[in-house]
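Residue strings, one per chain:
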Amino acid sequence: MPISIKNIFCVGRNYAQHAQELNNAVPQAPLLFTKPTHSLAEANGREIILPGDQGQLQYEVELVFHMARQYEPGIKVDDLVDQMAIGIDFTLRDLQSELKGKGYPWLLAKGFINSAVITPWQPFTGLKAALEVDFSLDKNGQEVQRGNMKDMIFDLPTVIDYTALHLGLGQGDIIFTGTPAGVGPVLDGDHFSFKLADKELGNCIIKLSK
Ligand code: MG
């Protein structure tokens, strides 16, 4: 990956229809979590190995934004973000439910190796332009998810301000901004194609470990 990445922040339940499909309440403030940098993998056509022995694995397609500089209060998104990508926040859903049930952190269900797959970076051409295009995910040639930033519960400026206030936000940090409805299971050999405005930005094939 040509850009060096520091922190990986993620927003959960940021699209109402996705929160509903998992029977989760819509949060009152951005629901933030992180992944280790070891979770990163690039969707550059290669095979990606993911856990096949820990219950159901699901895909969550998301828009991902890269910070060009240190956050300052009042900074505009267009001055802070320089690149964007489409990513999948891979999730071990059974394990996540088990951990949530015990009141434990989600880390093992969300932060495992190769759980943050992202396409090659694209120049960010501004918030206004980004709001005008859909992002989508095809699995084995069939579209399974489609979203638009307009449907985010907490929009990108709000997510950025909130993250910076509570956790800090600096050059090299990236934010996964949440998934729209349509998450589903991943099987061995599945092919994923990541699209912005119906143009493929990257793809990968999943190999499940035994
Ligand atoms: Mg997610």
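Scroll up a little and you will see the structure.
Residues numbered from 1 in each chain as written. Predicted model: local features only at pLDDT ≥ 70, side-chain atom pairs only at ≥ 80, totals over all residues. Heavy atoms only, no water.

A.B. asks: So what's going on with the packing of aromatic side chains? Residues and values would help.
C.D. replies: Taken as a whole and assessed by the stated rule, the structure comprises 5 aromatic pairs. Where Phe65 meets Phe124, the ring centres are 5.8 Å apart and the plane angle is 85°; that geometry is what we call edge-to-face. Of the two residues, Phe65 is situated in strand 6 (residues 61-67) and Phe124 in the loop between strand 10 (122-123) and helix 5 (127-130); the sequence distance between them amounts to 59 residues. Residues Phe65 and Phe124 agree in their burial class; the two are buried. Between Phe90 and Phe192, the ring centres sit 6.1 Å apart and the planes meet at 70°, which makes this aromatic pair edge-to-face. One end of the pair, Phe90, is in the loop between strand 7 (81-89) and strand 8 (91-92); the other, Phe192, is in strand 15 (residues 191-196), with 102 residues separating them in the sequence. Phe90 gets classed as buried once you look at its relative accessible area, which sits at 0%. Taken together, the aromatic side chains of Tyr59, Phe90 and Phe192 make up a single cluster linked through ring pairs. (Phe/Tyr/Trp six-rings, centres within 6.5 Å; stacked < 30°, edge-to-face > 60°. Helix = DSSP H or I, 4+ residues; strand = E, 2+ residues; numbered from the N terminus. Buried < 20%, exposed > 50% of the residue type's maximum accessible area, 1.4 Å probe, protein only.)

A.B. asks: Quick one: what's the story with empty space enclosed by the protein, residue by residue and with numbers?
C.D. replies: Scanning the entire structure with this criterion turns up 1 cavity of 30 Å³ or more. Forming the walls of the largest cavity are 19 residues, and the residues nearest its centre are Gly12, Arg13, His18, Glu60 and Lys110. The leading source of residues in the lining of the largest cavity is helix 3 (residues 93-102), at 3 residues. Partitioning the lining of the largest cavity into residue classes produces 5 nonpolar, 7 polar and 7 charged. (1 Å grid on protein atoms, 1.4 Å probe; cavity = no way out; pocket = protein on both sides within 12 Å on 5 of 7 lines; lining within 4 Å. Points joined across faces, edges and corners; volume = space filled by probe spheres on them. Nonpolar A, V, L, I, M, F, W, Y, C, P; charged D, E, K, R; others polar.)

A.B. asks: I'd like a description of the pairing of strand 6, backed by residues and values.
C.D. replies: Among the 7 residues in strand 6, 7 count as buried, and that is most of the element. Where burial is concerned, the two faces of strand 6 agree: the one with Val61, Leu63, Phe65 and Met67 and the one with Glu62, Val64 and His66 are both buried. In terms of strand pairing, strand 6 meets strand 7 through 7 bridges, oriented antiparallel. When the sheet's bridge partners are listed, Val64 is paired in strand 7 with Ala85. The pairing of strand 6 with strand 13 (residues 174-176) spans 3 bridges and is classified as antiparallel. (Pairing = 2+ DSSP bridges.)

A.B. asks: I'd love a proper account of the environment of Leu156, names of residues and values included.
C.D. replies: Its place among the elements puts Leu156 in helix 6 (residues 156-167). Take Leu156: its relative accessible area is 1%, and that puts it in the buried class. Once the C-alpha coordinates of Leu156 and Leu208 are considered, the two residues, 52 residues apart in sequence, prove to be 33 Å apart. Apart from residues no more than four positions distant in its own chain, Leu156 is found in contact with Phe65, Val77, Leu127, Met149 and Thr177. (Contact = heavy atoms within 4.5 Å.)

A.B. asks: So, the coordination of the magnesium ion: which residues are in play, and what are the values?
C.D. replies: Looking at the magnesium ion, the protein donor atoms are Glu60 (OE), Glu62 (OE) and Asp89 (OD), and they sit 2.0 to 2.1 Å from it. Each donor residue of the magnesium ion lies on the same chain, and together they follow the pattern E-x1-E-x26-D. Of this pair, Glu60 sits in the loop between strand 5 (57-59) and strand 6 while Asp89 sits in strand 7, placing them 29 residues apart in sequence. A residue is classified by how much of its surface remains accessible, and Asp89, at 1% relative accessible area, is buried. (Donors = N, O, S within 2.8 Å, 3.2 Å for Na, K, Ca; no water.)

Honestly, that's just the spatial picture; any functional story needs more than this.
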